[in-house]
Amino acid sequence: MSSTAARAVSPAAAAPPPRPRLVRPARCTGGAAAAAVETATAGPARVATVSNSGDSLAICRVLNGMWQTSGGWGRIDRDAAVDAMLAYADAGLSTFDMADHYGPAEDLYGMFINRVRRERPPEFLEEIKGLTKWVPPPVKMTRSYVEDNINRSRKRMDVAALDMLQFHWWDYSNPGYLDALKHITDLKEEGKIKTVALTNFDTDRLQIILENGIPVVSNQVQHSIVDMRPQQRMAELCQLTGVKLITYGTVMGGLLSEKFLDTNVSIPFAGPPLNTPSLQKYKRMVDAWGGWSLFQTLLQTLKKVSLKHGVPIATVAVRYILNQTSVAGSMVGVRLGLSEHIRDTNAIFSLELDEEDMNSITEVSNKGRDLMDIIGDCGDEYRA
């Protein structure tokens, strides 16, 4: 599965000497004023606050997605991965998104947060946010079962309270998701979870959950220029209730990049290989939406906008989705220790797309098929 549903680290005995701090002229800042924070330079806000019923969490609007640690993108060296996480945090990209089933992701976060505690000042630690997901099988959701799984994530991430627990449920015909969420809300009240959220729930189920008094702050869903389903029924409900969207698949595993411009992946060995789980997944979305020829038209349009602003295609693609209704943040996957894109990611915050830019991208997006008709509402791709 993607950055949503597919499917105790102790400090070292002797702490290494403190590492020199990097100069960070603009970073995602936590605290009470986070919702209104903007960078010192001109540009859109770097931080959004998701909230419900008194619960709130300030997150960086571009999140570091850790699905890529689960295998399929290359072997992860844990020390190199943690070094990379520190580099992202030092550059102001301080919100990390993971899941219980993303291989060693939660363990890596535990190692990382301990490095932060030892090597960075307390105010820096306050900026770091770790969002995880729980993707259980559809078994009976007893209090003890739910608590055991939440405690496992807390131990792996080495935190007293999870910043955000994003819950996924496979089978809507089984109403156990409401039992699970009620237990999760109880655990939040006991201080083990700071905010309760969802991942890949559809609009109808989100409304049922809210009607049952569950203080959901966000729903993490697939959302890109190709997949605009969240801007239909889901965004309307979010506007009415204040629930925010966190998006993944926004750069389509790298398909929305110069690498795939003017290529033909249908001819074996003629184009870049679709050699990761995310590339293969989002190529299927391209096929459902309109095919490779229309996708090339989209890439050409994005390239024109990117050249106008001096940024890569992927930066434009993320900014476009951040500009959509009810979107609090968008995921950019990180291949920790294997590659990095800190500069291009930070460029998202200073990029301001004008009306001409937005309209030209929207025009091509609208030429594709309506994926709501083909796939269904948000998350239905996992329940076909």
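Starting afresh in each chain, residues are numbered from 1 along the sequence in its written order. Reporting of local features is limited, given that this is a predicted model, to residues whose pLDDT is at least 70; pairs of side-chain atoms are given and counted only at 80 or more, and all residues count toward the totals for whole chains, interfaces and linings. Side-chain metrics in this entry use all non-hydrogen atoms of the structure; hydrogen atoms and water are not considered.

In the annotation of an unreviewed UniProt entry, the protein is listed under the name NADP-dependent oxidoreductase domain-containing protein and assigned to Urochloa decumbens.

Enquirer: Sorry if this is basic, but what is going on with the sheet that holds strand 4 (residues 95-97) here?
Expert: By definition, the strands of a sheet pair up through backbone hydrogen bonds, in either a parallel or an antiparallel sense. Being paired, for any two strands, means DSSP has found at least two bridges between them. Secondary structure counts use DSSP, requiring at least four H or I residues in a row for a helix and at least two E residues in a row for a strand, with both numbered from the N terminus. One closed barrel holds the eight strands; their spatial order is 3-4-5-6-7-8-9-10, and the pairing between them is parallel. Adjacent strand axes in the sheet meet at a mean angle of 30°, parallel and antiparallel pairs treated alike. Residues count as neighbours in contact if any of their non-hydrogen atoms are within 4.5 Å of one another. Orientation is described by axes fitted as lines to C-alpha atoms, over the contacting stretch for helices, and by angles from 0 to 180 degrees between their N-to-C directions. Against the sheet, helix 10 (residues 313-322) makes contact with strand 3 (62-65), strand 9 (244-248) and strand 10 (327-333), and its axis sits at roughly 155° relative to strand 10, the strand it touches most.

Enquirer: Whenever I open this one, the pairing of strand 1 (residues 47-52) confuses me. Can you help?
Expert: Within a regular strand, the side chains alternate between the two sheet faces. As judged from the six bridges shared by strand 1 and strand 2 (residues 55-60), these two strands associate in the antiparallel manner. The residue bridging valine 47 from the neighbouring strand is cysteine 60, located in strand 2. Linking strand 1 to strand 2, which pair antiparallel, is a turn of two residues; within it serine 53 sits at a positive phi near 50°.

Enquirer: Help me understand helix 11 (residues 342-350) in this model?
Expert: The periodicity of an α-helix, 3.6 residues per turn, causes residues three or four places apart in sequence to face the same way. Turning to helix 11, its buried residues are Ile342, Thr345, Ala347, Ile348 and Phe349. If you follow the buried residues of helix 11, they end up packed against strand 2, strand 3, helix 1 (78-90), helix 10 and strand 10. Remark: exposure states derive from per-residue accessible area (1.4 Å probe, protein chains only) relative to the maximum for the residue type, with buried under 20%, exposed over 50%, and partly exposed in between.

Enquirer: Help me understand the layout of surface pockets, please; the structure alone is not making it clear to me.
Expert: In this approach the atoms are scanned with a rolling probe the size of a water molecule, which exposes any empty space left behind. Both cavities and pockets are sets of points on a 1 Å grid over the protein atoms alone; in a cavity a 1.4 Å probe fits but cannot get out, in a pocket the set is open with protein on both sides within 12 Å along at least five of seven lines, and lining residues sit with an atom within 4 Å of a point. Grid points are joined across faces, edges and corners, and a volume is the space filled by probe spheres set on the points. In this structure, the second largest pocket encloses a volume near 310 Å³. Forming the walls of the second largest pocket are 20 residues, and the residues nearest its centre are Leu125, Ile128, Lys129, Asp163 and Lys194. Put simply, the parts of the chain that give the lining of the second largest pocket at least two residues each are strand 2, helix 2 (105-119), helix 3 (122-127) and strand 5 (129-134).

Enquirer: How should I be thinking about the state of the cysteines in this particular structure?
Expert: Note on terminology: disulfide describes a covalent bond linking the sulfur atoms of two cysteines. Criterion for a disulfide: a pair of cysteine sulfur atoms within 2.5 Å. Throughout the structure, instances matching the rule amount to zero disulfides. Distance from the sulfur of cysteine 238, which forms no disulfide, to the nearest cysteine sulfur (cysteine 378) is 8.4 Å.

Enquirer: Could you clarify how one ought to interpret the confidence of the model for the protein in this entry?
Expert: Reading fine detail from the predicted coordinates is not recommended where pLDDT is low. Per residue, pLDDT measures the predictor's confidence, with a range of 0 to 100. On average, the protein scores 88 in pLDDT, and the residues at 70 or more come to 86%. Across residues 1-26, where pLDDT falls below 50, the model places 77 contacts with residues more than four positions away in sequence or in other chains. Residue range residues 30-43 is modelled with pLDDT below 50. Its contacts to residues more than four positions away, or to other chains, number 20 contacts.

Enquirer: Mind showing me how you'd approach the nonpolar core here?
Expert: Side chains of a nonpolar character, in soluble globular proteins, are inclined to be buried together. One finds Tyr109, Phe112, Phe167 and Phe295 to be the most contacted residues of the largest nonpolar core, which totals 115 residues. Not counting residues up to four positions away in its chain, the partners in contact with phenylalanine 167 are Trp134, Pro136, Tyr177, Ala180, Leu181, Ile184, Ala197, Leu198, Thr199 and Phe201. Residues enter a nonpolar core if they are buried and are Ala, Val, Leu, Ile, Met, Phe, Trp, Tyr or Cys, with the set joined through side-chain atoms within 4.5 Å.

Enquirer: So what exactly am I meant to see when it comes to helix 10 here?
Expert: Counted residue by residue, helix 10 has nine buried out of 10 residues, so it is predominantly covered. For helix 10, the set of buried residues is Ile313, Thr315, Val316, Ala317, Val318, Arg319, Tyr320, Ile321 and Leu322.

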